[in-house]
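As a plain string of letters, each chain reads:
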Amino acid sequence: WTFAMLLLGPLGAITLSKFLFKTAGIKPRSAFLAGGALISGLFYLFNIATVQNFFVPYEAFSSFYGFLPWFIYAFYQYLYHQTKKNALYLALTFLIGSSAFYVQTLFVVLMIFLSCSSISYLITARKNGIKPVLTSLAIIIGVSLFWLIPVAYFTATNVGVTGSSLQNSIATQE
């Protein structure tokens with residue numbers, strides 16, 4: 001799984017970069033598009049944070065590394081081209097990559113990023129942008145409900161368990 005994520009992440013960065021370059025108006029067959037996408041994929045692969053992620057791998061962080069570019073790509077793909085195929089692609093990407101959200105704060109960080117991207121999209125798209133933004137966020141949350149509901153229930157009913165745990169006092173002398 002770890003090596004698959006190590007491969008999937010840079011491939012996603014290349015795909016996302018190609019999409020963003022095309023959206024910016026760069027010709028699809030230009031050398032700049034191919035070279036820029038390759039450089040971004042290599043940067044994603046050889047970044048020092050990649051070493052930190054994979055030195056002692058933890059499945060949630062490895063999955064997040066591998067799926068992050070694909071999450072962003074699927075989100076942008078749906079925003080700019082609202083088709084049923086892209087909606088299904090967005091839902092499947094978030095469903096398959098949901099193993100990254102075993103650490104729920106990764107989902108929070110991703111949603112903050114997607115919210116900021118949505119605000120930027122709303123500013124540029126004006127009136128036509130509200131429906132795709134709300135639909136895409138509804139798809140993401142709808143697909144994630146299978147793990148969001150139990151987390152919300154635990155947070156609402158047992159919030160004090162984490163604070164009163166003896167985890168730190170068992171591991172240290174104090």
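Presented here is a report on the structure given in the accompanying data block. (Residues numbered from 1 in each chain as written. Predicted model: local features only at pLDDT ≥ 70, side-chain atom pairs only at ≥ 80, totals over all residues. Heavy atoms only, no water.)

**Quick look at the packing of helix H1 (residues 2-23) against helix H2 (residues 31-46)**
Piece 1. Orientation of H1 relative to H2, taken along the N-to-C sense of each, is 145 degrees, at an axis distance of 8 Å. Both H1 and H2 take part in a crossing whose hand is right-handed. Each of Leu 6, Gly 9, Pro 10, Ala 13, Ile 14, Ser 17, Lys 18, Phe 21 and Lys 22 in H1 lies in contact with H2, whose residues at this interface are Phe 32, Leu 33, Gly 36, Ala 37, Leu 38, Ser 40, Gly 41, Tyr 44 and Leu 45.
Piece 2. Taken together, the residues of the contact of H1 with H2 sort by class into 11 nonpolar, 5 polar and 2 charged. (Axes fitted to C-alpha atoms, helices over the stretch in contact; angles between N-to-C directions. Helix = DSSP H or I, 4+ residues; strand = E, 2+ residues; numbered from the N terminus. Left-handed = near helix turned anticlockwise from the far one by under 90°. Contact = heavy atoms within 4.5 Å. Nonpolar A, V, L, I, M, F, W, Y, C, P; charged D, E, K, R; others polar.)

**Let's talk about the nonpolar core**
The nonpolar side chains of a soluble globular protein tend to be buried with one another.
Piece 1. In this structure, Phe 75, Leu 90, Phe 94, Phe 101 and Ile 140 are the most contacted members of the largest nonpolar core, which totals 38 residues.
Piece 2. Only H1, helix H4 (59-80), helix H5 (84-96), helix H6 (104-125) and helix H7 (130-157) provide two or more residues apiece to this core.
Piece 3. Sort the elements by how many residues they give to this core and H4 lands first, with 13 residues.
Piece 4. In this structure Ile 140 touches Phe 75, Leu 90, Phe 94, Phe 107, Met 111 and Leu 114, once residues within four positions along its chain are discounted. (Core = buried A, V, L, I, M, F, W, Y, C linked by side-chain atoms within 4.5 Å. Buried < 20%, exposed > 50% of the residue type's maximum accessible area, 1.4 Å probe, protein only.)

**Concerning the packing of aromatic side chains**
Piece 1. Counted by the stated rule, this structure contains 14 aromatic pairs.
Piece 2. When the ring of Phe 71 is compared with that of Phe 101, the centres are 5.4 Å apart and the planes differ by 20 degrees; the resulting orientation is stacked. Of this pair, Phe 71 sits in helix H4 while Phe 101 sits in the loop between H5 and H6, and the two are 30 residues apart along the sequence.
Piece 3. Taking relative accessible area as the criterion, Phe 71 reaches 0% and is therefore assigned buried. (Phe/Tyr/Trp six-rings, centres within 6.5 Å; stacked < 30°, edge-to-face > 60°.)

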